[in-house]
Amino acid sequence: MAHKFQVEFRGVSFIRPRHVFLLLLIASIVFNSLLLAGCSAQSSNVLKNIYLLRIGYNDGVVYSSSDASIVNSDISLALASLVGDSSMQIRIGYFGICMTESTSSSSSWTCSSNATYLAELLTSDEDSLNLMHLASSFRHAIVFPYLLIVATALAFIVFVAILPYPPFLRGLAVAATFLSALFVLVSVLWQHTASIAGSSAAVSLANGTVYAGIGKIAIIFGWLSFGCLVVTVIGVYYFVAASRFVSEVDV
Ligand SMILES: *[C@@H]1O[C@H](CO)[C@@H](O)[C@H](O)[C@H]1NC(C)=O
């Protein structure tokens, strides 16, 4: 079966399976890099949309919950009078935080990796519940970018090693791509869980005076990167196995 696929593949053009794996590895490296770069650069319209968690004030509106487990139902109004009509929004990425003082389309975004710098730009009316501090703690205590960095480095090493494709490196390429995929999987699950937990806790504690949400683009990039790596692992493994049966497999 391996041989048949090989022949058909050659029949179409001189594109070889390894070119597909190289493309998938590049895609995975690009997705990881964009994910890590999210919110870290000033004046980048693309990067400010790649965030793990966003949190902001409701512009004076209170979405109070009427759950039976609520003991003090007056707290929403008490907090609302503190918050006023701020509509500041913060977006948290792996290495940076972006903020805007209002979410109207004309407002501008400021991004920095330094939360202290951003906090100094805000007044206590704009951030009365200290969401910037919350964002800073979330990024330092919960967000963990290093697995994703290692995964990207591994994918890059496989990319460089797979390019000349010496047969003795195929086993190594399978192992490294597998590790990379595993690290991306752990990172994406971690990111997903942490963002949902952070957003739900923030909204509940603020009793409906703030909103929060997870970054869909970041989650999609994470899963796409994982998907590319899984297909590469399976593909390269398939050709390692195939080369045991077919003596001269030219992939
Ligand atoms: C962060 O910004 C603050 C205020 O602008 C500054 O004092 C501090 O040195 C900065 N920290 C880093 C690590 O750059």
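That block above? That's the structure.
Report follows, based on the coordinates. In this text the structure is predicted, and so the values were computed from the model without any measurement. (Residues numbered from 1 in each chain as written. Predicted model: local features only at pLDDT ≥ 70, side-chain atom pairs only at ≥ 80, totals over all residues. Heavy atoms only, no water.)

Along the polypeptide, Ala176 turns up in helix H7 (residues 170-205). Residues Ala176 and Val233, spaced 57 residues apart in sequence, show a C-alpha to C-alpha distance of 8.8 Å. In this structure Ala176 touches Leu154 and Val158, once residues within four positions along its chain are discounted. (Helix = DSSP H or I, 4+ residues; strand = E, 2+ residues; numbered from the N terminus. Contact = heavy atoms within 4.5 Å.)

So, on to empty space enclosed by the protein. Following the criterion strictly, the structure yields 2 cavities of 30 Å³ or more and no others. Roughly 80 Å³ of internal volume is contained in the largest cavity. In terms of lining residues, the largest cavity is bounded by Leu52, Tyr94, Phe138, Ile142, Val143, Phe144, Leu147, Ser187, Trp190, Gln191, Ala194 and Ser195. It is H7 that provides the largest number of residues to the lining of the largest cavity, a total of 5 residues. Residue composition of the lining of the largest cavity, grouped by class: 9 nonpolar, 3 polar and no charged. (1 Å grid on protein atoms, 1.4 Å probe; cavity = no way out; pocket = protein on both sides within 12 Å on 5 of 7 lines; lining within 4 Å. Points joined across faces, edges and corners; volume = space filled by probe spheres on them. Nonpolar A, V, L, I, M, F, W, Y, C, P; charged D, E, K, R; others polar.)

We now examine the packing of aromatic side chains. According to the stated counting rule, one finds 4 aromatic pairs in the structure shown. Pairing Phe31 with Phe221 gives two aromatic rings, centres 5.2 Å apart and planes at 45°, and the pair type is tilted. Residue Phe31 is found in helix H2 (residues 17-37), and its partner Phe221 is found in helix H8 (residues 216-245); the two are separated by 190 residues along the sequence. Note on Phe144 and Trp190: the rings are 5.1 Å apart at their centroids and 5° apart in plane angle, and the pair reads as stacked. With Phe144 in the loop between helix H5 (131-141) and helix H6 (146-162) and Trp190 in helix H7, this residue pair connects regions lying 46 residues apart in the sequence. Taking relative accessible area as the criterion, Trp190 reaches 36% and is therefore assigned partly exposed. Each residue in the set Phe144, Tyr146 and Trp190 is aromatic and connected to the rest through ring pairs, giving one cluster. (Phe/Tyr/Trp six-rings, centres within 6.5 Å; stacked < 30°, edge-to-face > 60°. Buried < 20%, exposed > 50% of the residue type's maximum accessible area, 1.4 Å probe, protein only.)

This part is about the layout of surface pockets. The volume enclosed by the largest pocket comes to roughly 210 Å³. As for the largest pocket, its lining consists of 13 residues, and the residues nearest its centre are Leu131, Leu134, Ala201, Ala202 and Leu205. Looking at the lining of the largest pocket, the elements with two or more residues in it are strand S1 (53-57), H5 and H7. Looking at which element gives the most residues to the lining of the largest pocket, the answer is H7, with 4 residues. Here the lining of the largest pocket is composed, by residue class, of 12 nonpolar, 1 polar and no charged. As a volume, the second largest pocket reaches approximately 160 Å³. Taken together, Tyr63, Ser64, Ser65, Ile70, Asn72, Ser73, Ile75, Ser76, Val203, Ser204, Asn207 and Gly208 form the lining of the second largest pocket. For the lining of the second largest pocket, the elements supplying multiple residues, two or more each, are helix H3 (75-83) and H7. Tallied by class, residues from the lining of the second largest pocket come to 4 nonpolar, 8 polar and no charged.

Read these as spatial facts, not as claims about activity.
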